Amino acid sequence: MSIELSIEFFPPHTDDGVEKLRLTRQRLAVLKPEFFSVTYGAGGSTRERTLAVVKEIAAEGHDAAPHLSCIGSTRAGIRELLAEFSDSGIRRIVALRGDLPSGMVDAGEFRHANELVGFIRAETGDRFRIEVAAYPEWHPQAKSPREDLLNFKRKIDAGANSAITQYFYNADAYEHFVDEAIALGIIVPIVPGIMPVASFSKLARFSDACGAEIPRWMRRKFESYGDDADSVRAFGLDVVTELCQRLVECGAPGLHFYSMNQAGPTLELCRRLELLGR
Ligand code: FAD
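Criteria and cut-off values
Residues numbered from 1 in each chain as written. Predicted model: local features only at pLDDT ≥ 70, side-chain atom pairs only at ≥ 80, totals over all residues. Heavy atoms only, no water. Helix = DSSP H or I, 4+ residues; strand = E, 2+ residues; numbered from the N terminus. Contact = heavy atoms within 4.5 Å. Areas by Shrake-Rupley, 256 points an atom, 1.4 Å probe, with all protein chains shown as cover. Lys, Arg positive; Asp, Glu negative; His and termini not counted. Charge placed at Lys NZ, Arg CZ, Asp CG, Glu CD. Near = heavy atom within 4 Å. Polar contact = N/O pair within 3.5 Å; in protein donor to acceptor, adjacent residues only side chain to side chain. Nonpolar A, V, L, I, M, F, W, Y, C, P; charged D, E, K, R; others polar. Buried < 20%, exposed > 50% of the residue type's maximum accessible area, 1.4 Å probe, protein only. Pairing = 2+ DSSP bridges. Right-handed = clockwise from strand over helix to strand, strands pointing away. 1 Å grid on protein atoms, 1.4 Å probe; cavity = no way out; pocket = protein on both sides within 12 Å on 5 of 7 lines; lining within 4 Å. Points joined across faces, edges and corners; volume = space filled by probe spheres on them.

1. Examining the overall build of the chain
Phase 1: Helix and strand counts for the chain come out as 10 helices and 8 strands.
Phase 2: Across its three principal directions, the C-alpha atoms of the chain cover 50 × 45 × 40 Å.
Phase 3: In the chain, of all internal contacts separated by at least 6 residues, the share reaching a separation of at least 24 is 78%.
Phase 4: When the accessible surface of the chain is split by element, carbon and sulfur atoms take 49% of a total near 13,200 Å².
Phase 5: Placing the 33 positive and 39 negative side-chain charges of the chain at their respective mean positions leaves the two points 1 Å apart.

2. What about the site of the ligand?
Phase 1: Among the 24 residues in the neighbourhood of the ligand, the closest are listed as Tyr40, Asp99, Tyr135, Asp148 and Lys155.
Phase 2: Contact distances for the ligand include 2.7 Å between a nitrogen atom and a backbone N or O atom of Tyr40.
Phase 3: Asn114 is positioned with one of its side-chain polar atoms (N or O) 3.2 Å from a nitrogen atom of the ligand.
Phase 4: Coverage of the ligand by the protein chains reaches 86% of its 970 Å² of free accessible surface.
Phase 5: Mapped by element, the contributors of at least two residues to the shell around the ligand are helix H4 (113-124), helix H5 (145-157) and strand S6 (162-167).
Phase 6: No other element matches H5, which puts 4 residues into the shell around the ligand.
Phase 7: Looking at the shell around the ligand residue by residue, the classes come out as 9 nonpolar, 10 polar and 5 charged.

3. So, the pairing of S6
Phase 1: Summarising burial for S6: 6 of the 6 residues are buried, a large majority.
Phase 2: Here 4 bridges tie strand S5 (residues 129-134) to S6, and the two strands are oriented parallel to one another. Residue pairing across strands places Ala134 opposite Thr165, the latter belonging to S6.
Phase 3: Crossover connection from S5 via H5 to parallel S6: handedness right-handed.
Phase 4: Judged from the 3 bridges that link them, S6 and strand S7 (residues 190-194) form a sheet pairing that is parallel.

4. Topic: empty space enclosed by the protein
Phase 1: Using the criterion set out here, one finds 1 cavity of 30 Å³ or more in the structure.
Phase 2: Volume-wise, the largest cavity comes out at about 60 Å³.
Phase 3: Residue lining of the largest cavity: Tyr135, Pro136, Glu137, Trp138, Pro140, Gln166, Tyr167, Phe168, Cys210, Gly211 and Ala212, and that is the complete set.
Phase 4: Split into classes, the residues belonging to the lining of the largest cavity amount to 8 nonpolar, 2 polar and 1 charged.

5. Considerations on unusual backbone geometry
Phase 1: The residue Trp138 is not glycine, and still its phi comes out positive at about 75 degrees.
Phase 2: When you line up the elements, Trp138 lands in the loop between S5 and H5.
Phase 3: Given a relative accessible area of 19%, Trp138 falls into the buried group.
Phase 4: Non-glycine residue Met260 carries a positive phi angle of around 55 degrees.
Phase 5: Assessed through its relative accessible area of 45%, Met260 is described here as partly exposed.

Listed below in structure tokens is the structure:
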């Protein structure tokens, strides 16, 4: 199967976490991902840690893509960071608005991700390949699906090269989103974000917050396993494998794995999808 893969990490808080992530990356390198991306805490809370991890990834010879969220930031601050990325050999950025952390009131100089994309293009031309976020089940703050789609288009029109979606478990939502995007003239690749299921309670909490739906049939089944972690994992793997198979069949241009800094679930999914040893 020929399909591009990318894998997302978060920047660890501890030295131990940094070391574990090195091992995780070594294990995941067999998948020959197009790039490893590293999240960025809203309001710049992980600025240094994100930068340290992407520099390390780049030094290992992989394509590293820092996420960059603009809410709470100034133009001068973003300009400085773009220069650091550039000096570190970074050529790809995942450009986001982010969410203002609780307690932080100053929204800064950017309101939406399209402004960040436009700023990066104005400041650095074509130096960076820019990825943006897409929401097949719609962003939780969107006024309407139509508005959300038009706002997605603003990011592409501002110069984004491709998109990575929020995770979802309903392939119809992705297919519908892609069809609507194409109908609006959006031709960039829209890569589905894949979230393996490690713990159902954590996933349920996170999904409620980010607006991703866990379909009722899945939720009821996960709940029925209670504390039986092995059954949760086994069912989660089956469901996500089938989802990926369907996405690939319907023409998804790639798969972006939210690894949660774990190698095992992503490797097992790729083994089942016959993507190992590509
Ligand atoms: P936007 O595209 O700005 O959209 C946010 C909302 O505003 C939407 O409802 C949209 O419809 C509306 N909107 C957009 N543009 C306009 C406009 N011009 N006028 C009016 N309304 C508008 N968060 C982090 O903090 N760090 C990360 O590293 C991170 N990585 C992510 C990676 C991926 C692949 C995804 C899907 C999400 C990620 N997030 C991350 C979460 C993201 O920051 C949140 O979902 C955030 O709420 C929206 O960011 P955005 O870039 O999609 O914002």
